[in-house]
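This is what each chain is made of:
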Amino acid sequence: MRTRDPQLRPLHLLCDALPRPDGGAVVNPAVRTDRAARGPLVIGLGSRDRGDDAVGPAVARTVAAEHPSIAVVEHEDPTALLDLWAGHTPVVVVDAACSGALAGTVHRLETGRTASQVGLGAWARSGHGSTHAIGLAEVVELGRVLGRLPERLVVVGVEAERFDHGAPLSPAVAAAIPAAARCICEALGTTRGEETSRVPR
């Protein structure tokens, strides 16, 4: 009940009054809640209501639907990654990218705890760069400095076209979702490789 108000509060406000501590959504129940012996993890990064920024979560949901044994989560804020991927390896983060390539181009870049610094300029200029003080590129290098990168980290990006609030995915980006999902599955089943890009046909 509210203070000085006999009216009952809605049950959902009592049962879920506070946001989840990580602020993200668990897409696939294969995600474990303990910190021990965690395996592969896919993180779909982006906001569902900002045009092509929604491609990360969309690709993550595709992977979860096709591969129920893979742990998958969604999150909007890159700053949460250091906690989300703790204890997991390999980790794949899928996100919108802005490198100047054709919309729908799928990029793949690999790094990790013991790897040398890599160029993530396409993610420094992605949709997160305009809405957050720190983006994916900065989080990766911060994790490297703090010793909090996964042993193997794969970044998969889909070249974006627009980030308008309330806009749907642009056609070229939506068409790239299956290719990005395949890229993630290949990354989880192969050894470390070089940076690659897939250009839409």
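Shown above is the structure to which this text applies.
In every chain, residue numbers begin from 1 and rise along the written sequence. Residue-level local features of this predicted model are given only where pLDDT is at least 70; pairs of side-chain atoms are given and counted only at 80 or more, and the full residue set underlies all totals for whole chains, interfaces and linings. Computation of side-chain values covers all heavy atoms of the structure but excludes hydrogens and water.

J.: So what about the packing of helix α2 (residues 55-66) against helix α7 (residues 177-189)? Which residues, and what values?
T.: The angle between two axes is taken between their N-to-C directions and runs from 0 to 180 degrees, where each axis is a line fitted to C-alpha atoms and a helix contributes only its stretch in contact. Helix and strand assignments come from DSSP, with helices taken as H or I runs of at least 4 residues and strands as E runs of at least 2, each series counted from the N terminus. Following both chains from N to C, one finds α2 and α7 inclined at 65°, their axes separated by 9 Å at the closest point. In terms of crossing hand, the pair formed by α2 and α7 is right-handed. Every residue of α7 that contacts α2 at Val55, Ala58, Val59, Thr62 and Val63 is listed here: Ile177, Ala180, Ala181 and Ile184. In this scheme the crossing of two helices becomes right-handed for a clockwise turn of the near helix relative to the far one and left-handed for an anticlockwise turn of less than a right angle. What makes two residues a contact is simply this: any of their non-hydrogen atoms within 4.5 Å.

J.: Help me get a handle on α7, residues and values and all.
T.: Along its 13 residues, α7 runs 19 Å from first to last C-alpha, staying within 8% of the 18 Å computed at 1.5 Å per residue. Note on classification: 1.4 Å probe, protein chains only; a residue is buried when its accessible area is under 20% of the maximum for its type, exposed when over 50%, partly exposed between these limits. Among all positions in α7, only Ile177, Ala179, Ala180, Ala181, Cys183, Ile184 and Ala187 are buried. One less than the residue count of a helix, multiplied by 1.5 Å, gives the span that helix is expected to have.

J.: Give me the pairing of strand β5 (residues 106-111): which residues, what numbers.
T.: The element β5 is extensively covered by neighbouring structure, given that 6 of its 6 residues are classed as buried. What you see with β5 is no split at all: Val106, Arg108 and Glu110 on one side and His107, Leu109 and Thr111 on the other are buried throughout. By the convention used here, strands pair only if DSSP detects at least 2 bridges between them. Pairing of β5 with strand β6 (residues 153-159) involves 6 bridges; the strand directions are antiparallel. Across the sheet, Leu109 pairs through a bridge with Val155, a residue of β6.

J.: Tell me what's going on with a nonpolar patch on the surface, and back it up with residues and numbers.
T.: Put simply, a patch holds well-exposed residues, over 30% relative accessible area, that have no salt bridge, with like charges counted together within 9 Å and Val, Leu, Ile, Met, Phe, Trp or Tyr side chains within 5 Å. Note on areas: Shrake-Rupley with a 1.4 Å probe; residue coverage comes only from the protein chains shown. By definition, a salt bridge exists where a carboxyl oxygen of Asp or Glu is found within 4 Å of a side-chain nitrogen of Lys or Arg. A cluster of nonpolar residues, Leu142, Val145 and Leu146, forms a patch on the protein surface that exposes about 290 Å² of accessible area. You can see Leu142 is positioned in helix α5 (residues 136-146).

J.: Would you mind going over the pattern of salt bridges in detail, with residue names and values included?
T.: On inspection of all chains with the given rule, the structure shows 8 salt bridges. For Asp83, the salt bridge goes to Arg148, with nearest N and O atoms at 2.9 Å. Here Asp83 is found in helix α3 (residues 81-84), whereas its partner Arg148 is found in the loop between α5 and β6, with 65 residues between them in sequence. Classification of Arg148 as partly exposed rests on a relative accessible area of 35%. Between Arg144 and Glu141 there is a salt bridge whose closest N-O contact spans 2.8 Å. Residue Arg144 and its partner Glu141 are located together in helix α5, separated by 3 residues, close to a single helical turn. Among the charged side chains, a salt-bridge network with shared partners connects Arg48, Arg61 and Glu74.

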